[in-house]
Amino acid sequence: MIELDVSTDPRGVGVIAPRGRLTMVSAKQLREAIDGLVTAGTARIVVDLAGTTFLDSSGLGALIAGVKTTRQAGGDLRIARPTEAVTTVLKLTNLDRVLRPRESVEDAFDV
Amino acid sequence: MSEGDAGGASGAIRLTIPAEPASLDVVQDALARLWEQQGVDPVLAMRFETGLVEITANVIEHSFDADQPGREFTLVVDVGADALRAELRDNGVPAAVDLSEVTLPGDDAESGRGLAMALATLDELTHEHREGLNVWRLACRRTDG
């Protein structure tokens, strides 16, 4: 199971924090949360992975879809604070180049 | 939701559960209990679980026609002295899988990474269709003593 905290910070950056396992079970929820923010005009999104304990290929697919959706809307999707488990999967799939982990949510769009 | 013994003192899991996405959580909850009970090294457990989750998701997603009633699969996981092992059996349509042809898709692909991830994390992975069943066998050798 997963809980998704969705908020928008004072700079207008959307922050989504999935807590739990990001898998086939919950990937659709993440896609919908990203689509919801973009539709509402928030095209810069940080996915805060500090509470994401497990990531599978469906979860990765949702993140890649989010990168596309946000870029098409003139923004971007960045990930921050991945757990060890998530970092391992990103490296395994060579997606740490596309989804370069950022050290903090606040600074994710600074560099 | 689950039937059978979802992990016990025996160092094993045996589950027969519906082939639907929610069952993946049942499997991972059972694995979490098993790793704790058996004191399996977390890095090894994560490697094995990553492969097992991808194969389980593949079974749930691809092995059955969407309208086939009573869709179930059976999972057995065993913590052995030399390896973590799992076997999945389903009576769905024969999976057309050639594991020797599996590669990672392009960076912008939204799907198609599952089997490549399983092959990368597991030391052994086989699939066969036998007597009307898809049979997947998975293993990670233990290096945690």
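Going by the structure above, here's the rest.
Residues numbered from 1 in each chain as written. Chains lettered and ligands numbered in written order. Predicted model: local features only at pLDDT ≥ 70, side-chain atom pairs only at ≥ 80, totals over all residues.

## Concerning the overall build of chain A
Short version of the rule: Secondary structure follows DSSP: runs of H or I at least 4 residues long count as helices, runs of E at least 2 residues long count as strands, and numbering of each begins at the N terminus. Counting other C-beta atoms within 10 Å of its own, a residue is labelled buried from 20 upward, exposed at 12 or fewer, and partly exposed in the gap between, with every C-beta atom placed from the backbone. Each residue is represented by a C-beta atom placed from its backbone, and any two residues with such atoms within 7 Å are regarded as in contact.
Counting its regular elements, chain A contains three helices and five strands. If one aligns the C-alpha atoms of chain A with their principal axes, the spans along those axes are about 30 × 30 × 20 Å. Split into buried and exposed, the 111 residues of chain A put 50% on the buried side. Sequence-distant contacts in chain A: of pairs separated by 6 or more residues, those separated by 24 or more amount to 70%.

## Description of the interface of chain B and chain A
To keep it simple, the criterion reads: Put simply, Ala, Val, Leu, Ile, Met, Phe, Trp, Tyr, Cys and Pro go in the nonpolar bin, Asp, Glu, Lys and Arg in the charged bin, and everything else, Gly too, in the polar bin.
Contact with chain B, which involves 20 residues of that partner, is made by 21 residues of chain A. Of all the elements in the fold, those that place two or more residues in the side of chain B that touches chain A are helix H1 (22-38), helix H2 (42-62) and helix H3 (114-121) of chain B. Broken down by element, the residue count for the side of chain B that touches chain A peaks at five residues, all from H2(B). Here the residues of the side of chain B that touches chain A are counted per class, giving 10 nonpolar, four polar and six charged.

## A short note on the sheet that holds strand S1 (residues 12-18) of chain B
Pairing between the strands of a sheet is mediated by backbone hydrogen bonds and can be parallel or antiparallel. Residues and elements named next belong to chain B. Worth spelling out the cut-off: Two strands form a pair only when DSSP identifies at least two bridges running between them. Convention adopted: a line fitted to C-alpha atoms gives each axis, helices being fitted over their contacting stretch, and angles between N-to-C directions are expressed from 0 to 180 degrees.
The sheet built from five strands is open, its strands ordered S1-S2-S3-S5-S4 with antiparallel pairing. In the strand order of this sheet, the two ends are held by S1 and strand S4 (124-130), each with one partner. Averaged over all neighbouring strand pairs, the angle between strand axes comes to 10°, with direction disregarded. Direction of pairing for S1 relative to strand S2 (residues 72-79): antiparallel, over a ladder of seven bridges. Residue pairing in the sheet places Ile 17 in a bridge with Phe 73 of S2.

## Here's the deal with the packing of H2(B) against H3(B)
The axes of two packed helices give the description: the angle between them and the distance between them. All names here are of chain B. To be explicit about the condition: Convention used here: angles under 35 degrees read as roughly parallel, angles over 145 as roughly antiparallel, angles from 65 to 115 as roughly perpendicular, and any remaining angle as oblique. Crossing handedness is defined as follows: a turn of the near helix away from the far one that is anticlockwise and smaller than a right angle gives a left-handed crossing, while the clockwise case is right-handed.
Between H2 and H3, the least distance of the axes is 8 Å, while the angle of their chain directions is 150°. As summarised for this structure, H2 and H3 are arranged roughly antiparallel, according to the angle between their axes. Both H2 and H3 take part in a crossing whose hand is left-handed. The segment H2 lies against H3, with Arg 47, Thr 50, Gly 51, Glu 54, Ile 55, Ala 57 and Asn 58 engaging Gly 114, Leu 115, Met 117, Ala 118 and Thr 121. Tallied by class, the residues present in the contact of H2 with H3 amount to five nonpolar, five polar and two charged.

## A look at unusual backbone geometry
All names here are of chain A. A positive phi angle is found at Arg 81, which is not glycine, with a value near 55°. Looking at the secondary structure, you find Arg 81 in the loop between strand S5 (76-80) and helix H3 (84-92). For Arg 81, a count of 19 C-beta atoms within 10 Å corresponds to the partly exposed category. Positive phi, close to 60°, is recorded for Asn 94, a residue that is not glycine.

## Brief notes about helix H1 (residues 27-39) of chain A
Residue and element names in this part refer to chain A. Keep this limit in mind: Expected span of a helix, by definition, is 1.5 Å for each gap between consecutive residues, and there is one gap fewer than residues. Here, the arc refers to the directions that run from the helix axis to the C-beta atoms.
Under the 1.5 Å per step criterion, the end-to-end length of H1 is 18 Å for 13 residues, consistent within 8% with the ideal 18 Å. For H1, the complete set of buried residues consists of Ala 27, Leu 30, Ala 33, Ile 34, Leu 37 and Val 38. Viewed along the axis of H1, the buried residues span an arc of 130°, placing them on a single side of the element. In H1, the exposed positions angled more than 90 degrees off the buried face are occupied by Lys 28, Glu 32 and Thr 39. At its buried positions, H1 is contacted by strand S1 (2-8), strand S2 (14-22), strand S3 (44-48), helix H2 (57-72) and S5. Residue Gly 41 follows H1 closely and has a positive phi angle near 100°.

Function cannot be inferred from these measures alone, as they are strictly geometric.
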